[in-house]
Amino acid sequence: MRQTTYGSTPKPLTVNELIAMKQRGEKITCLTAYDASFSALIDKVGIDMMLVGDSLGMVIQGHDTTLPVTINDMVYHARSVSTARRRAFVIADLPFMSYNTPVVAAKNAAKLMQVGGVQMVKLEGPRIDVVRFLVDQGIPVCGHLGLLPQLINQLGSYKVQGKEPVDAAKIIADAHQLQQAGAGLLVLECVPAVLARDISAQLSIPVIGIGAGVDCDGQVLVLYDMLNIGIGKRPRFSKNFMQDAPTIEGAIDAYHQAVKQSRFPTAEHSF
Ligand code: KIV
């Protein structure tokens, strides 16, 4: 089949291009996005990936957790983001309880792709059965290990995961299983930097860190945290990029350059 190109509109990055970036040692940049205006700005700066995160439940909707976010909320925001992007790879979260069985997950992931226009869906935890089923249906999946915000009522607080050797070994084993099940990317949240470094080195798929040290294949931050406009206290692993930038575009560019040049995160933002 012949590929169609429309004028000079750049084609969105593919997961294979992200894997190639990992192979050549080029850091992958990612920010969360929830609307068309920020999507266009983030894309213009050249950020490689945008995540329509269920963090929108906290930073957009004002809830204390991500749990109240529905699949319809996610589809609405995913559609706004994907409509305005040109080059960035777009992922959206499957929200709490929207992937409790493989069939339910496939139905909801299909909404995110067909209506929301995203290229990949992300789900939290070692849900190997669900990941394998989605991949078999042709749905690209990003895993998410370490701190799992959708489990906050079991965890009790948003704390670093994988500090004890037994917990670190479980995260490593889960990461390998997710890759074997067909996950195309992995997000590691709030884990010790050495653990994230080892997992990034062991996996062939790109590992994107948040609070996981500088040795991941890429970094993601919640947009509102790095612009210092979040409601609560900024997490230690984030940084106020508005501090030295005259504009929002400048702050996003400073983050992009800092990640590409391995200047962010520093030890101050790592565990
Ligand atoms: O929802 C979100 O924004 C996320 C990131 C914190 C990785 O999952």
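Keep in mind it's a predicted model, so treat the numbers as computed, not measured. (Residues numbered from 1 in each chain as written. Predicted model: local features only at pLDDT ≥ 70, side-chain atom pairs only at ≥ 80, totals over all residues. Heavy atoms only, no water.)

A. Geometry of the overall build of the protein. Assigned secondary structure in the protein consists of 11 helices and 8 strands. Over its C-alpha trace the protein gives a radius of gyration of 17 Å, about what one expects of a compact globule, namely 18 Å for 271 residues. Seen along its three principal axes, the alpha-carbon backbone of the protein occupies a region of about 55 × 45 × 40 Å. By residue count, 52% of the 271 residues in the protein fall in the buried class. At a minimum sequence separation of 6, the contacts of the protein that also span at least 24 residues come to 63%. For the protein, the accessible area works out to roughly 12,100 Å², and carbon and sulfur atoms hold 53% of it. (Helix = DSSP H or I, 4+ residues; strand = E, 2+ residues; numbered from the N terminus. Rg over C-alpha atoms; globule rule 2.2 N^0.38 Å. Buried < 20%, exposed > 50% of the residue type's maximum accessible area, 1.4 Å probe, protein only. Contact = heavy atoms within 4.5 Å. Areas by Shrake-Rupley, 256 points an atom, 1.4 Å probe, with all protein chains shown as cover.)

B. Structural context of the environment of arginine 197. Locating arginine 197 in the fold gives a position in helix α9 (residues 193-202). For the pair arginine 197 and cysteine 216, spaced 19 residues apart in the sequence, the C-alpha separation amounts to 5.8 Å.

C. Spotlight on the pairing of strand β3 (residues 89-93). Here β3 lies mainly inside the structure; 5 of its 5 residues are buried. Residues Phe89, Ile91 and Asp93 line one face of β3 and the alternating positions Val90 and Ala92 line the opposite face, and both faces are buried. The pairing of β3 with strand β4 (residues 120-122) spans 3 bridges and is parallel. Looking at the pairing, alanine 92 lines up with valine 121 of β4. In terms of handedness, the path from β3 via helix α5 (residues 102-114) over to β4 forms a crossover that is right-handed. (Pairing = 2+ DSSP bridges. Right-handed = clockwise from strand over helix to strand, strands pointing away.)

D. Inspection of the environment of glycine 25 at higher detail. Take glycine 25: it is sitting in the loop between α1 (15-23) and β1 (28-32). Judged by its relative accessible area of 57%, glycine 25 is exposed.

E. Summary view of the pairing of strand β6 (residues 185-189). Counting buried positions over the 5 residues of β6 gives 5, a clear majority of the element. Burial along β6 is two-sided: Leu185, Val187 and Glu189 facing one way and Leu186 and Leu188 facing the other are all buried. Relative to β6, strand β5 (residues 141-146) runs parallel, the two sharing 5 bridges. Bridging from a neighbouring strand, histidine 144 pairs with valine 187 of β6. As defined by bridge partners, β6 adjoins strand β7 (residues 207-210) across 4 bridges and the pair is classed as parallel. Pairing of valine 187 across the sheet is with isoleucine 208, part of β7. The parallel pair β6 and β7 is bridged by α9, and the resulting crossover is right-handed.

F. Representation of the packing of aromatic side chains in the model. Evaluated as defined, the whole model comprises 5 aromatic pairs. Pairing tyrosine 34 with tyrosine 224 gives two aromatic rings, centres 5.8 Å apart and planes at 90°, and the pair type is edge-to-face. With a gap of 190 residues between them, tyrosine 34 in the loop between β1 and α2 (36-45) and tyrosine 224 in helix α10 (residues 223-226) connect regions that are remote in the sequence. With relative accessibility at 3%, the residue tyrosine 34 sits in the buried group. Taken together, the ring pairs in this structure connect Tyr34, Phe38 and Tyr224 into an aromatic cluster. Directly above the aromatic system of phenylalanine 241 lies the positively charged group of lysine 239, at a separation of 4.9 Å from the ring centroid. (Phe/Tyr/Trp six-rings, centres within 6.5 Å; stacked < 30°, edge-to-face > 60°. Lys NZ or Arg CZ within 6 Å of the ring centre and 35° of its normal.)

G. The arrangement of the site of the ligand in detail. Every residue lining the ligand is accounted for by Thr32, Leu51, Gly53, Asp54, Ser55, Asp93, Lys122, His144, Val187, Glu189, Ile210 and Val222. Take lysine 122: an N or O atom from its side chain is 2.8 Å from an oxygen atom of the ligand. Split into classes, the residues belonging to the shell around the ligand amount to 4 nonpolar, 4 polar and 4 charged. (Near = heavy atom within 4 Å. Polar contact = N/O pair within 3.5 Å; in protein donor to acceptor, adjacent residues only side chain to side chain. Nonpolar A, V, L, I, M, F, W, Y, C, P; charged D, E, K, R; others polar.)

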